[in-house]
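Architecture and fold: a report
One letter stands for each residue in the lines below.
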Amino acid sequence: MKPDQKMTDRQVGRNADLFAQKIGGYPTADERYAYIRILISIIEQAHPEWNQAPNKDQQIAHLVFHMSHGAVEREETAEIVRLRDEERGFTNHLPRAEA
């Protein structure tokens with residue numbers, strides 16, 4: 001990230017932007033998985049108001065997508081958010097429509 005580039009989200013910070021861009025450089029979802037979980041945790045700390053949002057998975061996925069400049073797919077991140085919340089016993093998410 002060049003010094004003159006704007007941060008995607010000031011609450012999350014420049015280091016998280018750089019981290020997201022680095023995550024996007026990993027070629028497979030398996031390689032990105034652990035790092036995306038860490039980034040999600042950083043975002044949740046910066047945006048505690050999203051924890052009760054019914055579309056939290058989509059909000060975080062959208063932010064990660066933009067922070068990584070499109071290198072991390074939205075659905076990949078949204079699925080990890082849903083899995084983390086299920087592990088912690090949260091069930092805020094609406095069921096996804098099957099195609």
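That block above? That's the structure.
So, here's what we can say about the structure. This one's a predicted model, so the numbers in the text were calculated from it and none came from an experiment.

As a further point, take the overall build of the protein. Within the protein, the regular secondary structure consists of 4 helices and 0 strands. Mapped from its N terminus to its C terminus, the protein presents α and β elements in the order α-α-α-α. Taken over 99 residues, the protein has a buried fraction of 37%. Across the protein, the fraction of contacts at a sequence separation of at least 24, relative to all contacts at a separation of at least 6, is 53%. If you sum the accessible surface of the protein, you get close to 6,100 Å²; carbon and sulfur atoms cover 53% of it.

With that settled, consider the pattern of salt bridges. Applying the stated criterion across every chain yields a total of 10 salt bridges. The salt bridge involving R32 is made with E76; its shortest N-O contact spans 3.0 Å. With a gap of 44 residues between them, R32 in helix α2 (residues 29-46) and E76 in helix α4 (residues 74-87) connect regions that are remote in the sequence. Judged on exposure class, the residue R32 and its partner E76 are both buried. Measuring nitrogen to oxygen at the nearest pair gives 2.8 Å for the salt bridge that ties E44 to R84.

What follows is about the packing of helix α3 (residues 56-67) against α4. In the contact formed by α3 and α4, the axes pass within 8 Å of each other and the chain directions differ by 135°. When the axes of α3 and α4 are compared, the pair comes out oblique. Between α3 and α4 lies a crossing whose hand is right-handed. Residues K56, D57, Q58, I60, A61, H62, V64, F65 and H66 of α3 pack against R74, E75, T77, A78, V81, R82 and D85 of α4. Looking at the contact of α3 with α4 residue by residue, the classes come out as 6 nonpolar, 4 polar and 6 charged.

This part is about a nonpolar patch on the surface. A surface patch of nonpolar side chains, amounting to about 230 Å² of accessible area, comprises Y35, I38 and I42. Judged by relative accessible area, which is 43%, I38 ranks as partly exposed.

Before going further, it helps to examine the packing of helix α1 (residues 14-24) against α2. In contact at an axis separation of 10 Å, α1 and α2 are set at 160° when each is read in the N-to-C sense. It follows from the interaxial angle that α1 and α2 lie roughly antiparallel. Remark: the crossing between α1 and α2 carries left-handed chirality. Note on element contacts: α2 touches α1 through R32, Y35, I36, I38, L39 and I42, opposite A16, F19, A20 and I23. When its residues are assigned to classes, the contact of α1 with α2 shows 9 nonpolar, no polar and 1 charged.

Thresholds, definitions, all that
- Residues numbered from 1 in each chain as written.
- Predicted model: local features only at pLDDT ≥ 70, side-chain atom pairs only at ≥ 80, totals over all residues.
- Heavy atoms only, no water.
- Helix = DSSP H or I, 4+ residues; strand = E, 2+ residues; numbered from the N terminus.
- Buried < 20%, exposed > 50% of the residue type's maximum accessible area, 1.4 Å probe, protein only.
- Contact = heavy atoms within 4.5 Å.
- Areas by Shrake-Rupley, 256 points an atom, 1.4 Å probe, with all protein chains shown as cover.
- Salt bridge = Lys/Arg side-chain N within 4 Å of Asp/Glu carboxyl O.
- Axes fitted to C-alpha atoms, helices over the stretch in contact; angles between N-to-C directions.
- Parallel < 35°, antiparallel > 145°, perpendicular 65-115°, else oblique.
- Left-handed = near helix turned anticlockwise from the far one by under 90°.
- Nonpolar A, V, L, I, M, F, W, Y, C, P; charged D, E, K, R; others polar.
- Patch = residues over 30% accessible without salt bridge, like charges linked within 9 Å, V, L, I, M, F, W, Y side chains within 5 Å.

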